[in-house]
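Coordinate inspection notes
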Amino acid sequence: MSDTGIALILGDQLDRGSPVLATVRRGTDRVLMIESREESQRVWSHKARSALFLAAMRHHRDWLKAQGYRVDYLTLDDAHAGSFASALDTTLQRLRAAWLAVVEPGEYGVREVIEAACRRNAVDLQVLEDPHFLCGTTGFAEWRRGRRTLVMEHFYRHMRKSHDVLIDDGEPLGGRWNFDRDNRRPFGREGPGMLPALPTYAPDAVTRGVLADVERHFPGNPGHLDGFAWPVTREQALTALEDFVKLRLSAFGPFQDAMWQEQPYLNHSALSAALNLKLLAPREVIDAATQALARGRAPLQSVEGFVRQVLGWREYVRGVYWSEMPGYLERNALGAHADLPDFYWTGDTDMQCLRAVIGQTLALGYAHHIQRLMVTGLFALLYGVEPAQVHSWYLAVYVDAIEWAEAPNTLGMSQYADGGLLASKPYPASGRYIARMSNYCDGCRYAPEKATGENACPFTTLYWDFLLRHEARFARHPRAGLQWRNLARLDDTRRMEIRTAAERLRRRIMAG
Ligand SMILES: Cc1cc2nc3c(=O)[nH]c(=O)nc-3n(C[C@H](O)[C@H](O)[C@H](O)COP(=O)(O)OP(=O)(O)OC[C@H]3O[C@@H](n4cnc5c(N)ncnc54)[C@H](O)[C@@H]3O)c2cc1C
Ligand code: SF4
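Residues numbered from 1 in each chain as written. Chains lettered and ligands numbered in written order. Predicted model: local features only at pLDDT ≥ 70, side-chain atom pairs only at ≥ 80, totals over all residues. Heavy atoms only, no water.

A separate point is the overall build of the protein. Along its length, the protein carries 21 helices and seven strands. The C-alpha radius of gyration of the protein comes to 24 Å, within 12% of the 24 Å expected for a compact globule of 512 residues. In terms of principal-axis extent, the alpha carbons of the protein reach across some 80 × 55 × 50 Å. For the protein, long-range pairs separated by at least 24 residues make up 76% of all intrachain contacts whose partners lie at least 6 apart in sequence. As presented, the protein carries roughly 21500 Å² of accessible surface, and 50% of it is formed by carbon and sulfur atoms. Taken together, the 62 basic and 61 acidic charged side chains of the protein have centroids lying 3 Å from each other. (Helix = DSSP H or I, 4+ residues; strand = E, 2+ residues; numbered from the N terminus. Rg over C-alpha atoms; globule rule 2.2 N^0.38 Å. Contact = heavy atoms within 4.5 Å. Areas by Shrake-Rupley, 256 points an atom, 1.4 Å probe, with all protein chains shown as cover. Lys, Arg positive; Asp, Glu negative; His and termini not counted. Charge placed at Lys NZ, Arg CZ, Asp CG, Glu CD.)

So, on to the sheet that holds strand E3 (residues 71–74). Taking strand neighbours across the sheet as the criterion, the five strands line up as E3-E2-E1-E4-E5 in an open arrangement whose pairing is parallel. Looking along the sheet, the strands with just one partner apiece sit at the ends: E3 and strand E5 (124–128). Neighbour to neighbour, the strand axes of the sheet diverge by 25° on average, direction disregarded. Looking at chain direction, strand E1 (residues 5–8) and strand E4 (residues 99–103) are connected through four bridges and run parallel. Bridge pairing in E4 places isoleucine 6 opposite leucine 100. Along the sheet face, helix H2 (residues 47–66) touches strand E2 (30–34) and E3 and points at about 160° away from the line of E3. In the packing of helix H3 (residues 84–94) onto the sheet, the strands contacted are E1, E2, E3 and E4, and the crossing angle to E2 comes to about 160°. (Pairing = 2+ DSSP bridges. Axes fitted to C-alpha atoms, helices over the stretch in contact; angles between N-to-C directions.)

Right, let's get into the nonpolar core. Within the largest apolar cluster, 153 residues are counted, with the highest numbers of intra-cluster contacts made by Leu249, Leu354, Phe379 and Phe459. Ranked by residue count, the leading element in this core is helix H12 (residues 300–324), at 11 residues. Apart from residues no more than four positions distant in its own chain, leucine 354 is found in contact with Phe343, Tyr344, Thr349, Gly359, Val375, Thr376, Phe379 and Phe459. (Core = buried A, V, L, I, M, F, W, Y, C linked by side-chain atoms within 4.5 Å. Buried < 20%, exposed > 50% of the residue type's maximum accessible area, 1.4 Å probe, protein only.)

Quick look at empty space enclosed by the protein now. The final tally for this structure, using the stated rule, is four cavities of 30 Å³ or more. Roughly 100 Å³ of internal volume is contained in the largest cavity. For the lining of the largest cavity, the secondary-structure elements that each account for two or more residues are helix H13 (352–364), helix H17 (431–437) and helix H18 (458–469). Taken as a whole, the second largest cavity encloses approximately 80 Å³ of empty space. Mapped by element, the contributors of at least two residues to the lining of the second largest cavity are helix H14 (369–383) and H18. When its residues are assigned to classes, the lining of the second largest cavity shows seven nonpolar, four polar and one charged. (1 Å grid on protein atoms, 1.4 Å probe; cavity = no way out; pocket = protein on both sides within 12 Å on 5 of 7 lines; lining within 4 Å. Points joined across faces, edges and corners; volume = space filled by probe spheres on them. Nonpolar A, V, L, I, M, F, W, Y, C, P; charged D, E, K, R; others polar.)

Okay, structure coming up:
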């Protein structure tokens, strides 16, 4: 009986310090990595997302080999790479594996596939806790126990205290837990001014091979690979972190929510993909930001704003995902059933904000948080798109897309599909919000303040229509009520005008 063991490394587990490597006996056991075509087809992926995952995996494979590990690496061209499950089955049988060790997979469905393959092949499965995250799934379950609502702010404070981040003698550094109120500034007419360019990483031979493979295997997938320049190794990810801390962190805070035409990155870090692939650890990213504060290179307002995203939101959404799966992906609390408009896949719309954000997304695989939440997400919410379709779109088009992070953000925060578990209320807004926070409306044929009439802004029409459609549910809601109380000012004629305008708009969008 063979006692060969397999340390399975998934595409988003590329940390060099992974505990799975400690299970490997160098002479006998193998490290297994699988490229699966299904991963880019089942989730119809942006070409840059597939390329980023595969390039980072192939570089990690080369690093493992250089450390002396025996690596079994299945590429897209392998006969069994069609599905992850069949590739796993074949390898377990070929190596006559006795056991398989893996760090907790990030995605619920992947964990199920691994468990089933091990059962089918009578292989012992060891699932190791994921030390990448600062709050494990059990830690989150403990924090959650006995709470009726999952307020992110409470979780964030708990994390600040338990990990001693920006804490001074048990109290928040600077006397405040958050600077949210100061961190929502628009740029003003003069715009963001000169911005440092995002560092780029010219594809080496390994990455060029991946780019060619992605074009060959997935020619019809969305997005394109021109100018692909994402960090794909640990070394590149570290320089990307250093560059952000040096050049953009200090201005990150105040303008976190602002948007500007043709400036996709502004002062954002663009580190999410490197974090999600585990080329960077959240703790080192947080430490780099707090050290910049200690050295006087970035103000507390910006450092706290950034730490809140990584230590707060990122850990929180992962906790919500794992404590709500399975079942979370099917939620549809607002009963939304419209189809996702076709322009989400092309950017071909006369709404300037959507054209800009979708165009940028398809070109780069990137949009910052407020572009995702308050442009593409907001329109889907107001239009009433079925949440599962919104979920599929977000999972397809961003280089950092990964289900544990994407699903709570899309279904919970953006679409209110979970009925208030993550966001206590829906966040509808009209075109006025976009006009305040960006310059998109300047070049648009619509007028953000108008709900009806010739050049009414579709966001504003659908905003009032959304309030009307959900009046019974939210009019007496303790936090949402204020927005709905504005409806009291509308007489029946005005209500009818809005409903008619929304109906006409829907027909126009459906007709393409
Ligand atoms: C509808 C929707 C879908 C999203 N899908 C994803 C996804 O698939 N993968 C993903 O990593 N993020 C997702 N986000 C969260 C967030 O938009 C991205 O993490 C962020 O825009 C990435 O850009 P950045 O690295 O420049 O972030 P920055 O603005 O520089 O923020 C710093 C880091 O904080 C973390 N972060 C910030 N906000 C969030 C958040 N709300 N949830 C989790 N982490 C956060 C990210 O790791 C990010 O790199 C989604 C948000 C929305 C509204
Ligand atoms: S006017 Fe409306 S549709 Fe046009 S850019 Fe502004 S918010 Fe978007």
